[in-house]
Amino acid sequence: MTSYPTNAVAWLLVLIVVSLVAACDGNSRSGNVAEEASPALGERQCELPSSALPSGVTLECFWWRTAVNGEFRLPVAVLSTGAAPRTALLHIAGGPGDGAQTDADNLRVWADWLATAKPAADLILYSPRGTRGSSGEWLCDAYERFSLETLSRSVTAAEEAAASLPILQRCFDAYAERKAKSNGLLPSQFYAAFSSRAQAADALGLLEDLGYLRWHLWGVSYGTRVALLAAEQAQNAKRAELQSLILDSVYPPGQGALAQWPMLLERAWRYHEQNSPGFGNVWRRLYQRLTRVEMQPDLRLDNWNYNLDPCPSPLQHCMQHQKHISMRLTADRLLALSYFVLYDRSLLPSFYEGLKLLDDNLGEAAVLDNPPLILVLEAFVASTFAESFSSLVFYATECIDNGHDSAADIVAAQQQFPQWAQELELAYSKDVCALSVFANPDVLNAQNIRLNLPLLVFAGERDPVTPVSWARDLAQSQPQVTLVEATGVGHSVLSSGYCGVNAIARWIFGEKEVCRHGN
């Protein structure tokens, strides 16, 4: 099982970027994909049987071999209604590091969406390089054990980060040594394989090998960065197949650096205060009290990911085998939890109620009798240790894309947000991106991208991770943009239902009114 980093600083960095009738039995293709098979494509068994698909939806599954910065085999799924067999809608998931895109549960959700939305395109899903489902899934037993064991201990974010850095360094070195040899690369070249530029090339190469004539790229959160870079590469190569980009919760190149963390936290706390007046006073009081070891409650949580499936190789222990999880609620974990809940507004009432009970009973036996807070903490841990997420891929991609901030940028952020100066200083001193393996990053800049094709951009007014200002800046820099700002919505506008289920179908069809709020 792959886990998110559990110290507050690393967890927040993850969140900043941070979110969803034939051939499946291994027989011949249905004809939705090019008749002349590319040597990079190979058939594979689908995770979802054809009998589980909605009426009128077909599913084909492939292995696709990458051609840029080494070879990886990525699992690919093609869902189709047959409405436009030569038009592809490629979904590029968030993360970076979010895999399992072709797992049975995911395919079931997407097949239902396709049957309902009926876009004039086949829907293409794939798991990126190094993530769950791809060959060479990037896992490290020592780091997984460390993350799990630390959850029950009273440690600060700085202490946990300091202890985790040498473990991560060894994980990076061991994986690079092993995979570089099998991919014909030097270990020093290997980390570029996880850059967003390499992943953008994967997106274009996959569509070309599948044989589609018209392409639409649909990126969500981090996936919007990959989509933008892929569009730039297609434009530079004069590829006429790319028709448009659909960008939900824009995370453009050049954004997401550590120095921006205080700004994002300030926005998040402002949303909390709007939702629950007086939140700031309660939170600050609890945060101060939870810095004292004797005040930190030991909680027993149900593990929502519990199952007895074998641990992914090479893990010897994985959280999925534990029915219950012990967690020490520290001040830094409260900070991480307060940011996490803004991803799912349905958790907010329980969060605010749980905080009040915690404030009333901290230090008393009754502190353990807090069902609302327990619910939110269980959701937090389930997401933190999601099997589909690779924290190592996340670190590699973010550090290659953004590099290590300059000391001047950190000082400027501390001066602008003095209330977070100490936390930022600690985060900077233990920044994973300062490790020697990331000494030569491929730093990206959004200002260098100018695209001559239509862009449909969605931004949530209350998005704590990818602020609406990033979407506005992108819209102002591009000649053909339709910008939808969703009032009262957080991260991932389309999954919120704000525009109804048919927004993308309307866009591909060429309708002007794409977002019909409430329909």
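The structure displayed is predicted, hence computed values, not measured ones.

**Considering the sheet that holds strand 5 (residues 122-126)**
Taken in spatial order, the nine strands line up as 1-2-3-5-4-6-7-10-11 in an open sheet, and their pairing is mixed. Each end of this open sheet is capped by a strand with a single partner; those strands are strand 1 (41-43) and strand 11 (481-486). Strand-to-strand, the axes of this sheet are offset by a mean angle of 20°, without reference to chain direction. Two strands pair when backbone bridges link them, and strand 1 and strand 2 (residues 58-65) are joined in this way by three bridges, in the antiparallel orientation. Its bridge partner lying in strand 2, L41 is registered against W64. Its contacts with the sheet put helix 2 (residues 104-117) on strand 2, strand 3 (73-80), strand 4 (87-92), strand 5 and strand 6 (214-220), and the angle it makes with strand 3 is roughly 30°. With respect to the sheet, helix 6 (residues 222-236) is in contact with strand 4, strand 6, strand 7 (242-248) and strand 10 (455-460), its orientation differing from that of strand 7 by roughly 160°.

**A word on the state of the cysteines**
Applying the stated criterion to the full structure yields four disulfides. Two residues, C46 and C61, share a disulfide whose sulfurs are 2.0 Å apart. Judged by the torsion about the S-S bond (115°), the C46/C61 disulfide is right-handed. You can see C46 sitting in the loop between strand 1 and strand 2 and its partner C61 sitting in strand 2, a full 15 residues away along the chain. Of the residues examined, C61 reaches a relative accessible area of 2% and is grouped as buried. One disulfide in the model links C399 with C433; its S-S distance is 2.1 Å. Across the S-S bond linking C399 and C433, the dihedral sits near -80°, which makes this disulfide left-handed. Of this pair, C399 sits in helix 12 (residues 391-402) while C433 sits in the loop between helix 14 (421-429) and strand 10; the two residues are 34 residues apart in sequence, bridging distant segments of the chain. Note on C399: relative accessible area 1%, which makes it buried.

**Section: the packing of helix 5 (residues 196-210) against helix 6**
Running from amino to carboxyl end, helix 5 crosses helix 6 at an angle of 70°, the nearest separation of the two axes being 8 Å. It follows from the interaxial angle that helix 5 and helix 6 lie roughly perpendicular. Here the hand of the crossing between helix 5 and helix 6 comes out right-handed. Only Y222, R225, V226, L229, A230, E232, Q233 and A234 of helix 6 make contact with helix 5, whose side of the interface consists of S196, R197, Q199, A200, A201 and L204. Residue classes in the contact of helix 5 with helix 6 are distributed as eight nonpolar, three polar and three charged.

**Regarding the side chain of D98**
Topologically, D98 is positioned in the loop between strand 4 and helix 2. Here D98 occupies a buried position and makes no salt bridge, while the nearest side chain of opposite charge, R132, is found at 8.9 Å. Within polar-contact distance, the side chain of D98 engages the side chain of S388 at 3.4 Å. Discounting residues that sit within four places of it in the chain, D98 has contacts with P128, T131, S388 and F389.

**Describing the pattern of salt bridges**
Scanning the entire structure with this criterion turns up 19 salt bridges. Note that D298 and R328 form a salt bridge whose closest N and O atoms lie 2.5 Å from each other. With D298 in strand 8 (residues 298-302) and R328 in strand 9 (residues 324-328), the pair connects residues that are 30 residues apart, well separated along the chain. The partly exposed category is assigned to D298, whose relative accessible area is 46%. Residue class for R328 comes out buried when judged on its relative accessible area of 14%. Of the charged contacts in the structure, one is a salt bridge between D360 and K356, with a shortest N-O distance of 3.2 Å. Of the two residues, D360 and K356 are both situated in helix 10 (residues 348-361); the distance of four residues between them amounts to about one turn of the helix. Ionic contacts of the salt-bridge type, sharing partners, join the residues D103, R132 and E387 into one network.

**What to know about unusual backbone geometry**
Cis geometry marks the peptide bond from G95 to P96; its omega dihedral reads -5°. Positive phi outside glycine occurs at S221, with the angle close to 55°. When you line up the elements, S221 lands in the loop between strand 6 and helix 6. You will see that S492, though not glycine, has its phi angle at about 70°, which is positive. On the secondary structure map, S492 appears in the loop between strand 11 and helix 16 (503-509). A relative accessible area of 13% means that S492 is categorised as buried.

**Brief notes about the side chain of S390**
By the secondary structure assignment, S390 is in the loop between helix 11 (371-384) and helix 12. On the basis of relative accessibility, which here comes to 2%, the residue S390 falls in the buried class.

**What to know about the packing of helix 10 against helix 11**
Relative orientation of the contacting elements helix 10 and helix 11 amounts to 125°, with a least axis distance of 7 Å. Classified by the angle between their axes, helix 10 and helix 11 sit oblique to one another. For the pair helix 10 and helix 11, the crossing hand works out as left-handed. The residues of helix 11 that touch helix 10, namely those facing S350, F351, E353, G354, L357 and L358, are P372, L373, L375 and V376. Split into classes, the residues belonging to the contact of helix 10 with helix 11 amount to seven nonpolar, two polar and one charged.

**Overview of the environment of L242**
One can find L242 in strand 7. The buried category is assigned to L242, whose relative accessible area is 11%. Distance in space between the C-alpha atoms of L242 and F62 is 22 Å, their sequence separation being 180 residues.

**Some thoughts on the packing of aromatic side chains**
Going through the model one piece at a time under the given rule, you end up with 22 aromatic pairs. Centroid distance F72 to F194: 5.8 Å. Interplanar angle 70°. Geometry classified as edge-to-face. A residue pair is termed long-range when its members are at least 10 positions apart, and F72 in the loop between strand 2 and strand 3 and F194 in the loop between helix 4 (157-182) and helix 5 qualify at 122 residues. For the pair F72 and F194, a shared accessibility class is recorded, and that class is buried. With 5.5 Å between their ring centres and 70° between their planes, Y191 and F438 make a pair best called edge-to-face.

About the thresholds
- Residues numbered from 1 in each chain as written.
- Predicted model: local features only at pLDDT ≥ 70, side-chain atom pairs only at ≥ 80, totals over all residues.
- Heavy atoms only, no water.
- Pairing = 2+ DSSP bridges.
- Helix = DSSP H or I, 4+ residues; strand = E, 2+ residues; numbered from the N terminus.
- Axes fitted to C-alpha atoms, helices over the stretch in contact; angles between N-to-C directions.
- Contact = heavy atoms within 4.5 Å.
- Disulfide = S-S within 2.5 Å.
- Buried < 20%, exposed > 50% of the residue type's maximum accessible area, 1.4 Å probe, protein only.
- Parallel < 35°, antiparallel > 145°, perpendicular 65-115°, else oblique.
- Left-handed = near helix turned anticlockwise from the far one by under 90°.
- Nonpolar A, V, L, I, M, F, W, Y, C, P; charged D, E, K, R; others polar.
- Lys, Arg positive; Asp, Glu negative; His and termini not counted.
- Salt bridge = Lys/Arg side-chain N within 4 Å of Asp/Glu carboxyl O.
- Polar contact = N/O pair within 3.5 Å; in protein donor to acceptor, adjacent residues only side chain to side chain.
- Phe/Tyr/Trp six-rings, centres within 6.5 Å; stacked < 30°, edge-to-face > 60°.

Treat this as a map of the structure, not an account of what it does.
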